[in-house]
Amino acid sequence: MTTTTSVPETLSPGTYRIDEERCLITFRTRHLFGLGAVRGTFRLRSGEIRLAEQVQDSAVRATVDAESFHTGNPGRDRTVRSARLLDTAEHPIFTFTSIQVAESGGRWVVRGRLVVRDAEHPVELTIEQARADGPQLTIVASAGIDRYAFGVTAMKGLAARRLSCQLEIVAMRREREAEGR
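Residues numbered from 1 in each chain as written. Predicted model: local features only at pLDDT ≥ 70, side-chain atom pairs only at ≥ 80, totals over all residues. Heavy atoms only, no water.

Moving on, we come to the packing of aromatic side chains. We describe a pair of aromatic rings using the distance from one ring centre to the other and the angle between the two ring planes. According to the stated counting rule, one finds 4 aromatic pairs in the structure shown. Consider the rings of F42 and F94, whose centres lie 5.4 Å apart with planes at 70°: the pair is edge-to-face. Placement of F42 in strand β3 (residues 36-51) and of F94 in strand β5 (residues 93-104) is noted, with a sequence separation of 52 residues between them. For the pair F42 and F94, a shared accessibility class is recorded, and that class is buried. (Phe/Tyr/Trp six-rings, centres within 6.5 Å; stacked < 30°, edge-to-face > 60°. Helix = DSSP H or I, 4+ residues; strand = E, 2+ residues; numbered from the N terminus. Buried < 20%, exposed > 50% of the residue type's maximum accessible area, 1.4 Å probe, protein only.)

Looking down a regular strand, the side chains alternate between one sheet face and the other. Where burial is concerned, the two faces of strand β2 (residues 24-31) differ: the one with I25, F27, T29 and H31 is buried and the one with L24, T26, R28 and R30 is not. Examined bridge by bridge, β2 and strand β9 (residues 162-173) share 5 bridges and lie antiparallel to one another. By the bridge assignment, R28 is partnered in β9 with S164. As judged from the 7 bridges shared by β2 and β3, these two strands associate in the antiparallel manner. Bridge pairing links T26 to T41 in β3. (Pairing = 2+ DSSP bridges.)

Right, let's talk about the pattern of salt bridges for a bit. Here the structure, examined in full by the defined rule, presents 9 salt bridges. Between D65 and R45 there is a salt bridge whose closest N-O contact spans 3.7 Å. Here R45 lies in strand β3 and D65 lies in strand β4 (residues 59-70), a separation of 20 residues in the sequence. For R45, a relative accessible area of 40% translates into the label partly exposed. When the shortest N-O distance is used, the salt bridge between D146 and R161 registers 2.9 Å. Of this pair, D146 sits in strand β8 (residues 136-146) while R161 sits in the loop between β8 and β9; the two residues are 15 residues apart in sequence, bridging distant segments of the chain. Residue classification places R161 among the partly exposed positions, given a relative accessible area of 35%. (Salt bridge = Lys/Arg side-chain N within 4 Å of Asp/Glu carboxyl O.)

Tracing the backbone through its elements, the reader meets I49 in strand β3. Ignoring anything within four residues of it in the chain, the contact list for I49 reads G14, T15, Y16, I18, A59, V60, L137, I139, I169 and A171. (Contact = heavy atoms within 4.5 Å.)

What follows is about the side chain of S58. With respect to the secondary-structure elements, S58 resides in the loop between β3 and β4. The exposure class assigned to S58 is buried, which follows from its relative accessible area of 12%. In this structure, S58 is in contact with R50, L51, A52, S98 and V101, ignoring residues within four places of it in sequence.

The next thing to look at is the environment of R50. Its place among the elements puts R50 in strand β3. For R50, a relative accessible area of 38% puts it in the partly exposed group. Along the primary structure R50 and G14 are separated by 36 residues, whereas in three dimensions their C-alpha atoms are 5.8 Å apart. Here R50 is in contact with G14, T15, D57, S58 and A59, once residues within four sequence places are set aside. Reaching out from R50, the side chain makes a polar contact with the backbone oxygen of D57 at a distance of 2.8 Å. (Polar contact = N/O pair within 3.5 Å; in protein donor to acceptor, adjacent residues only side chain to side chain.)

Here it is as structure tokens:
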């Protein structure tokens, strides 16, 4: 993504609804005292991207389906979804709301607040790629998540503290009529 204050020519300012069926959040972490790699996914439930004429005025909000946690290991997945860790029965979604979009180190960074299990903490999404194809906006971003910050501290020796996340977001531009213009 070109780092200037205005939206790159290839992107059109507007409001985009996230297409949850075409998006995916993948993560990597470690288990068994750091010896084994774990890869998994979450699904987005809903969201919206407001791409402003001046990039720093843009905004994002999204909800993640906590129950969608999936690593391919049913026992592990049940344990992570249980009250011991994510407690998806009581906290079925995570929410992300941006508070700032800024340039940092030659890339755009979306700074926001992530809420997991009623705990709210700052998270930075680094935009790796952003492109448009007609009314479709595709964004690839990365983030690091510290599960301890959200009170998910059980199984410290068996499950790593940090997750490295990759987000692949597809959103469709809303029609002017739908925006009330």
